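Okay, here's what each chain looks like letter by letter:
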Amino acid sequence: MSGGFERTPVILVVDDEEMVLISIKAFLMLETDYEVITCNGPAAGLEMVKQQTVDLVISDYLMPEMDGISFLMQVKTLQPHTIRILLTGYADKENAIKAINEVGLYQYIEKPWQNADLALVIHNGLEKRFLIERLQAKIREVQAAQDSLQDIQDQIIKAFM
Amino acid sequence: MPEAAKLLLVSSGASALEAVRQAAPQASLRRAADTESARRLYAEDAPDVLLLDPPAAAQWLPELAEDSDAPPAIVLGAGPSPHAFACLPDAAGLAPWLDAALRFRALQSENMLIRRESERIHSGLLTSYGEAEEKYRALINDASEAIFLVDLASRAILEANRKAEELSGLPKAQLTRRSLTDVIESEGEPSLDQNWKRAQETGSLLHANAAIRPAGGGRISVEVSGSRISYAGHDVMQCICHDVTDRQRLEAQLRHQAEELERQVEERTRDLQRSNQTLVQQEKMAALGALVAGIAHDMHTPIGTITSNSDILARALVRLKDLIGGECCPESFRNNPDLMRVVNVVTDISKVNQLASDRIIAIVRSLRNFARLDEADVRSADLHEGLDSTLTLVHHELKNRITVKKEYGDIPHVPCHLNQLNQVFMNMLVNAAHAIQGQGALTIRTFREGDAVKIQIGDTGAGITPENLSRIFDTGFTTKGAGVGTGLGLAISQKIIQDHKGHIEVESEVGKGTTFTITLPVEWKTSS
């Protein structure tokens, strides 16, 4: 089930709790055909983002190396169009809400999460991601068409001069 | 004698004159012919010795004898005369008698002087005695203390001063008709009677604990001190009554103030002990709250994962069932009843796992809400959320026994430390659960009333007796028995609600149940 996406989406999950990583990966593998990469810390996560295109990142908030918001901020710098989701405990809710504006979070999910909610948020996020991708492709096409038109126009002008 | 002796001769005949002159040549001699002129000369000249012829003696001597100061008289030419100094036949032997009469006269004069002097002194004494007595009366009368002069034997009042009249409300004329014991009453031991008997011997009286009952009503406390004096020939006791009403009132006031002070100190000490206990218990509760919050936090991730995994397991089983029934499955597996039974068992217990973990999550969430360590400051909070969290936590006290009726009204958020209010709710709910023996009901009502929000927690329990009702908020008061109740729950609840500028009221009827009403302001006035 690719959910009708043109290519297999790549999802990165970052949490210092191995059990969370396994649970989310197990769920997504069962219910979707996304490619799921898991990292048990922000540093490893950033390495991954540097190496390959990631469509969507789910990150825990409270982690030893850096908090989820700083991590997602760096992800945004590396891959601006990646959809960023924060997984947060009840106590960190307020910080998460602030971060939605500061970091441009797509969504935050409260722990303990409902799998159905998680699936929906991820799916919607990916849809946005691919819509933007398609939009950008279209813009590029239009730009290319405009460029070639411009060339032709230039040539015509030259021919008549 | 320094001056010439003055002689008065009374004689009708002149012959006697010469004879007397010869007998007393140095004396100053005057002669009167008759008694008449003799009286005149006697008054003028005050003679030292009288010389009388018998007729004059008979006529004058009895009269003169009545005056003890009259000079000695010598009768010439006659027989014995009862009042004469001497009787001589003629002037011939006069000289020695005259000498004796003059000496007698000198002694008599001296005696007269002494008598006059003593009379003069006596009259002077009388005058100063009168003055002293007058001064004494004035002193007594103007004295600022009530003074009675009382007959020592009969105790009859002889005199009373103005102050005595004032205190007793009786005029002196009436006081002096009474006995002292009629006017002053004795209070306590020894009685005035006993003291008086002793004073009759010792001469001084001291009697405290007495009172005068004024004629106009009321009561004046007095102290009586007396000393024996002599007055108008009587042995009297001069009794001074000192009005001690003011002093006693002051003493009583002082005593009262001292007692009041002592009472206040005791009360303050008790309050301090109470608030100390309350503080210690609050500290404990805060520490326990921190512990609970910590545990709840740590449980969050594992229990979240278990919940998630239960869900995944259920989904995986659905998929597995599809696969078993599907085309790709070998015939031996497809529709295999044993396999299907195993899959069904796993499906069932997976559902139970989901329910169980859902409940654990609810409890953990409630614990976190209850402790609310993240909310150290006062903030607007939903009391219903607090009540629900608390209800989840006390579920074990209520289940299968007590039905909970929630009658939540439309109330605004109120400023509070919700974790502290939760503690109050918990306390009330647990108390209610303990009050209900067997089956019962618990009603939680919330509603707004003016600028306040009210939370009523009512039970159908045993109720509280009126004598206990007044003590339930006291620190250390418990009816749950040692080891069950600390007796601090309601004391702390009340303190928390007071800190929230609210108050707790309680209504209870034995056998019917108890309702606690918590009132909290919708907003905190800045002035308070």
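About the thresholds
- Residues numbered from 1 in each chain as written.
- Chains lettered and ligands numbered in written order.
- Predicted model: local features only at pLDDT ≥ 70, side-chain atom pairs only at ≥ 80, totals over all residues.
- Heavy atoms only, no water.
- Helix = DSSP H or I, 4+ residues; strand = E, 2+ residues; numbered from the N terminus.
- Buried < 20%, exposed > 50% of the residue type's maximum accessible area, 1.4 Å probe, protein only.
- pLDDT = per-residue confidence, 0-100.
- Arc of directions from axis to C-beta.
- Pairing = 2+ DSSP bridges.
- Axes fitted to C-alpha atoms, helices over the stretch in contact; angles between N-to-C directions.
- Contact = heavy atoms within 4.5 Å.
- Salt bridge = Lys/Arg side-chain N within 4 Å of Asp/Glu carboxyl O.
- Polar contact = N/O pair within 3.5 Å; in protein donor to acceptor, adjacent residues only side chain to side chain.
- Nonpolar A, V, L, I, M, F, W, Y, C, P; charged D, E, K, R; others polar.
- Core = buried A, V, L, I, M, F, W, Y, C linked by side-chain atoms within 4.5 Å.
- Phe/Tyr/Trp six-rings, centres within 6.5 Å; stacked < 30°, edge-to-face > 60°.

**A look at the environment of Gly79 of chain B**
Residue and element names in this part refer to chain B.
Argument step 1. Considering the arrangement of structural elements, one finds Gly79 in the loop between β4 (73–76) and β5 (86–88).
Argument step 2. For Gly79, a relative accessible area of 43% corresponds to the partly exposed category.
Argument step 3. Gly79 sits 25 residues away from Pro54 along the chain, and the two C-alpha atoms are 8.6 Å apart.

**Structural notes on the confidence of the model for chain B**
Residues and elements named next belong to chain B.
Argument step 1. Per-residue pLDDT for chain B averages 84, and the proportion of residues at 70 or more is 95%.
Argument step 2. When the elements of chain B are averaged for pLDDT, helix α14 (residues 466–469) gives the smallest value, 78, and strand β15 (residues 440–449) the largest, 91.
Argument step 3. Model confidence for the complex is summarised by a pTM of 0.51, with the ipTM given as 0.78.

**Notes on helix α8 (residues 192–202) of chain B**
Residues and elements named next belong to chain B.
Argument step 1. Among all positions of α8, only Leu192, Asn195, Trp196 and Ala199 are buried. Seen from one end, α8 has its buried residues packed into an arc of 100°, which puts them on one side.
Argument step 2. Of the residues trailing α8, Gly203 is marked for its positive phi of about 90°.

**What to know about the sheet that holds strand β16 (residues 452–459) of chain B**
Residue and element names in this part refer to chain B.
Argument step 1. What the five strands build is an open sheet, ordered β13-β15-β16-β18-β17; its pairing is mixed. Because the sheet does not close on itself, it has two edges, and the strands there are β13 (402–408) and β17 (503–509). Within the sheet, the average angular offset between the axes of one strand and its neighbour, ignoring direction, is 15°.
Argument step 2. Both β16 and strand β18 (residues 513–521) contribute to a ladder of seven bridges, which runs antiparallel. When the sheet's bridge partners are listed, Val453 is paired in β18 with Leu520.
Argument step 3. Sitting on the sheet, helix α11 (residues 383–393) is in contact with β13, β15, β16 and β18, with an inclination near 170° to β13.

**Here we look at the sheet that holds strand β6 (residues 146–151) of chain B**
All names here are of chain B.
Argument step 1. Pairing in this open sheet of six strands is antiparallel, and the strands run β7-β6-β11-β10-β9-β8 from one edge to the other. Each edge of the sheet is formed by a strand with only one pairing partner; in this case those strands are β7 (157–160) and β8 (184–186). When the angles between neighbouring strand axes are averaged without regard to direction, this sheet yields 40°.
Argument step 2. The pairing of β6 with strand β11 (residues 234–243) spans six bridges and is antiparallel. Bridging from a neighbouring strand, Phe148 pairs with Cys239 of β11.

**Remarks on the pairing of strand β9 (residues 204–212) of chain B**
All names here are of chain B.
Argument step 1. Pairing geometry for β8 and β9, over three bridges, is antiparallel. Of the residues in β9, the one forming a bridge with Glu185 is Ala211.
Argument step 2. Sheet analysis places β9 next to strand β10 (residues 220–231), joined by seven bridges and oriented antiparallel. Paired with Leu205 across the bridge in β10 is Gly226.

**Here's the deal with the interface of chain A and chain B**
Argument step 1. Taken together, the contact between chain A and chain B spans 17 residues of the former and 19 residues of the latter.
Argument step 2. Summed over the shared surface of chain A and chain B, the number is two salt bridges.
Argument step 3. Across the pair Arg319 of chain B and Glu31 of chain A runs a salt bridge whose closest N-O atoms are separated by 3.0 Å.
Argument step 4. Across the contact surface, chain A and chain B share eight residue pairs in polar contact (both at pLDDT 80 or more).
Argument step 5. Breaking the side of chain A that touches chain B down by element, the ones donating at least two residues are α1 (18–31) and α5 (115–160) of chain A.
Argument step 6. The element contributing the most residues to the side of chain A that touches chain B is α1 of chain A, with seven residues.
Argument step 7. Of the residues contributing to the side of chain A that touches chain B, the split by class is ten nonpolar, two polar and five charged.

**Points about the pattern of salt bridges**
Residues and elements named next belong to chain A.
Argument step 1. Tallied over the full model, the rule gives 34 salt bridges over all chains.
Argument step 2. With a closest N to O distance of 3.5 Å, Arg129 and Glu133 form a salt bridge. You can see Arg129 and its partner Glu133 sitting in helix α5, four residues apart, about one turn around the helix.
Argument step 3. With a relative accessible area of 8%, Arg129 lands in the buried category.

**Structural notes on the nonpolar core**
Residues and elements named next belong to chain B.
Argument step 1. Residues Leu383, Leu421, Met428, Leu442, Ile455, Ile518 and Leu520 are the most contacted members of the largest nonpolar core, which totals 37 residues.
Argument step 2. Elements supplying a minimum of two residues to this core: α11, β14 (414–416), α13 (418–435), β15, β16, α15 (489–499) and β18.
Argument step 3. In this structure, Val183, Trp196, Val224 and Cys239 belong to the second largest nonpolar core, which totals 25 residues.

**Observations concerning unusual backbone geometry**
Argument step 1. Backbone torsion omega between Lys111 of chain A and Pro112 of chain A reads -5°, so that peptide bond is classified as cis.
Argument step 2. Within the secondary structure, Pro112 of chain A sits in the loop between β5 (107–110) and α5.
Argument step 3. For Asn209 of chain B, which is not glycine, the phi dihedral falls at a positive 55°.
Argument step 4. Position of Asn209 of chain B among the secondary structure elements: in strand β9.
Argument step 5. Unlike most non-glycine residues, Lys501 of chain B shows phi in positive territory, near 65°.
Argument step 6. By the secondary structure assignment, Lys501 of chain B is in the loop between α15 and β17.

**Re the environment of Met48 of chain A**
Residues and elements named next belong to chain A.
Argument step 1. Its place among the elements puts Met48 in helix α2 (residues 42–51).
Argument step 2. Taking the C-alpha atoms as reference points, Met48 and Leu12, 36 residues apart in sequence, are found 8.4 Å from one another.
Argument step 3. When sequence neighbours within four positions are dropped, the list of residues in contact with Met48 reads Leu12, Ile37 and Cys39.

**Comments concerning the side chain of Asn422 of chain B**
Residues and elements named next belong to chain B.
Argument step 1. The topology assignment puts Asn422 in helix α13.
Argument step 2. The class of Asn422 is buried, set by a relative accessible area of 1%.
Argument step 3. Residue contacts for Asn422: discarding those within four places in its chain leaves Asn369, Phe370, Gly386, Leu387 and Thr390.

**So, α15 of chain B**
All names here are of chain B.
Argument step 1. Looking at α15, one finds that the buried residues are Leu490, Ala491, Ile492, Ser493, Ile496 and Ile497.
Argument step 2. Looking at the buried side of α15, the elements it contacts are α9 (245–325), α13, β17 and β18.
Argument step 3. Within two residues after α15, Lys501 carries a phi angle of roughly 65°, on the positive side.

**Side note on the packing of aromatic side chains**
How two aromatic rings sit relative to each other is set out by the distance from centre to centre and by the angle between their planes.
Residue and element names in this part refer to chain B.
Argument step 1. Evaluation of the coordinates by the stated rule reveals three aromatic pairs over all chains.
Argument step 2. Taking the centre distance of 5.4 Å and the plane angle of 80° together, the rings of Tyr42 and Trp60 count as edge-to-face. Of the two residues, Tyr42 sits in helix α2 (residues 35–45) while Trp60 sits in helix α3 (residues 54–65), which places them 18 residues apart along the sequence.
Argument step 3. A residue is classified by how much of its surface remains accessible, and Trp60, at 2% relative accessible area, is buried.
Argument step 4. On the basis of an interplanar angle of 40° and a centroid distance of 5.4 Å, the ring pair of Phe85 and Phe104 is categorised as tilted. Pair noted here: Phe85 is in the loop between β4 and β5 and Phe104 is in helix α4 (residues 94–142), with a separation of 19 residues, a long-range link.

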